[in-house]
Amino acid sequence: MGKVWGVINLNILVVGGGAREHAICDAVCRSKGDIKLYSIMHNLNPGIKHLSKDFLQEKETNVSQVVKYAKEKEIDLVIVGPEAPLEAGLVNELNKNGIDAYSPTKEAARIETDKEWMRGLLKRYKIHGQLKCESFTDVQKAKRFIDGLNGEIAIKPIGLTGGKGVKVAGDHFHGVDEALTYVKEVIDEKIGGKAKVLIEEKAVGEEFTLQAFSDGYSILPFHAVQDHKRLLPGDEGPNTGGMGSYSCADGLLPFLSKSEYEEAAVILQKIVEALNKEGCKYIGPIYGQFMVTTDGPKIIEINARFGDPEAMNVLPLLETDFIGICKAMLDGSISNEKIRLKKKSTVCKYIVPEGYGVKSMVGEKVLVDEKSIEDTGSRLFYASVNKDNDNIYTTSSRSLAIVGIADNLYDAEKICEEALNHISGEHIFIRHDIGTAELIEKRMEHMIKLRGM
Ligand code: AMP
Ligand code: GLY
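In this numbering scheme, every chain counts its residues from 1 along its sequence in written order. Here every chain gets a letter starting at A, and every ligand a number starting at 1, in the order they are written. With the structure being a predicted model, the display of local features is reserved for residues of pLDDT at least 70 and the display and counting of side-chain atom pairs for 80 or more, all residues being used for whole-chain, interface and lining totals. Only heavy atoms go into the side-chain values, all of them from the structure, while hydrogens and water stay out.

Student: How would you summarise the site of ligand 1 if you had to cite specific residues and measurements?
Tutor: Around ligand 1, 16 residues are found, and the nearest of them are Lys156, Glu200, Ala203, Glu207 and Glu301. Counting of polar contacts relies on pairs of N or O atoms within 3.5 Å, with two restrictions inside protein: one atom must be capable of donating a hydrogen and the other of accepting it, and residues adjacent in sequence are counted only when both atoms are side-chain atoms. Note that an oxygen atom of ligand 1 is positioned 3.2 Å from one of the side-chain N or O atoms of lysine 229. Contact distances for ligand 1 include 2.7 Å between an oxygen atom and a side-chain N or O atom of glutamate 301. Notes on ligand 1: free accessible area 470 Å², of which the protein chains cover 94%. For the shell around ligand 1, the class distribution of residues is 7 nonpolar, 1 polar and 8 charged. It suffices for a single heavy atom of a residue to lie within 4 Å of a molecule or strand for the residue to be listed as near it. Using a 1.4 Å probe, the Shrake-Rupley method yields the accessible areas, and only the shown protein chains count as cover for residues. Note on residue classes: Ala, Val, Leu, Ile, Met, Phe, Trp, Tyr, Cys and Pro are nonpolar, Asp, Glu, Lys and Arg are charged, and everything else, Gly too, is polar.

Student: Outline the site of ligand 2, listing residues and values.
Tutor: What surrounds ligand 2 is the set Asp227, Lys229, Gly241, Tyr287, Asn303, Arg305, Gly307, Asp308, Pro309 and Glu310. In this structure, an oxygen atom belonging to ligand 2 sits 2.9 Å away from a side-chain N or O atom of arginine 305. Between ligand 2 and the protein, one listed contact pairs a nitrogen atom with a side-chain N or O atom of glutamate 310 at 2.8 Å. Residue composition of the shell around ligand 2, by class: 2 nonpolar, 3 polar and 5 charged.

Student: Could you give an account of the sheet that holds strand E6 (residues 133-136), with specific residues and numbers?
Tutor: In short, DSSP must find at least two bridges between two strands for them to pair. Secondary structure elements follow DSSP: runs of H or I no shorter than four residues count as helices, runs of E no shorter than two count as strands, and numbering proceeds from the N terminus. Taken in spatial order, the 4 strands line up as E6-E9-E7-E8 in an open sheet, and their pairing is antiparallel. Strand pairing shows two members of the sheet lacking a second neighbour, E6 and strand E8 (167-168), which therefore form its edges. When strand E7 (residues 153-157) meets E8, the two strands line up antiparallel, connected through 2 bridges. Looking at E8, one finds that alanine 154 is bridged to valine 168. Two residues qualify as a contact provided that any one of their heavy atoms is within 4.5 Å of a heavy atom in the partner residue. Axes here mean lines fitted to C-alpha atoms, for a helix over just the part in contact, with angles spanning 0 to 180 degrees between N-to-C directions. Sheet strands touched by helix H8 (residues 139-148): E6, E7 and strand E9 (197-201). Its angle to E6, the strand with the most contacts, is close to 165°. Packed on one face of the sheet, helix H9 (residues 175-188) meets E6, E7, E8 and E9 and runs near 15° to E7.

Take a look at the structure:
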């Protein structure tokens, strides 16, 4: 690797066309210096397009084209949003061509792209927060393991499935027979890329996300966030990429104590250290999905990137210079840095096409009144939409996100809903229950009940 970093002129390339990448672009543009933003995305995200000096519409996994574009535009630093280009070795190729990236190499990204390897790493380095788990290529052997856990399991394809391949007992299937049907399907159809399945003990509690910057040695953690994976209100329906999320001004969550937060941060720190010892130094944002149980936080998954939607809860609060932190990450000096976040609560709700998670209604018009949204104090981040003659159209993925930001959760949710009034469309869907007092109280009661208090 190797540019000598100039302070003043920087050409930054952001890869990816979702709301997470729009939030990353926004953080880049708020950084000090003369920054020129370039972007590569498969769609035509109007928010990213607006912020970029130039962009290329291209598949993010087309490594040779991304590298070619980065060279043409004399890019100093690349930030990769989604996981697929990491798995395709984009960062490795950029580095070979002398271009720095604030994202992990293919080898370091295995922490997300190979769930079996991730679990093996946790075992080898005796990292806290583990769940009983084993991988299988044989349905009968899997059955013995499932019986041993009384069917209280999660079934996971080994590789990437866009957050939609995991099935959990009680939520997505009932009983051992239904479990085995899915185990067989994952193996036979090589869901997630391998004729293999990972079976994990089911963790019971409340989920939270902890994202952090990593320079390969140390981490700088953000506020904790709670995502909502299920499609429908009340946490019903299929898993999605995430329908919305919230975070609190104090950095914790209503059901999460400071010591549990700190335990999760130590886990991420240990994972970064373990990756370094394995010879794959981890540079970039790291994402831990945890279940806080009566026995502390348990690791559900680790991602090699910011979360989507969770990036939208934390990046708008960033007061520290984003590009300054990226540079420190590449220099291995983040332990000298401090991460300053506004002490605000956030509620993020996604607008998705009707049928999302099952069969999305593609090409539907969405009316967005940007000015009125801004006037509420909310932030708007465009996702997988296309813009044509001032009209916004849905694709099969999530369309756009609104983030309400305020001193407390109640106001953040209220502001978010006010902004949502300025978005309309005949075929859109929103989980309005996210961030509401009713749902949050349900989560707190759940933990109180589990803790037997
Ligand atoms: P993942 O794609 O690994 O994030 O899994 C999707 C969702 O399934 C998670 O957000 C959890 O809600 C749930 N899940 C995954 N693994 C487990 C587990 N071992 N125990 C309980 N729930 C899980
Ligand atoms: N919100 C879940 C993820 O980004 O994987």
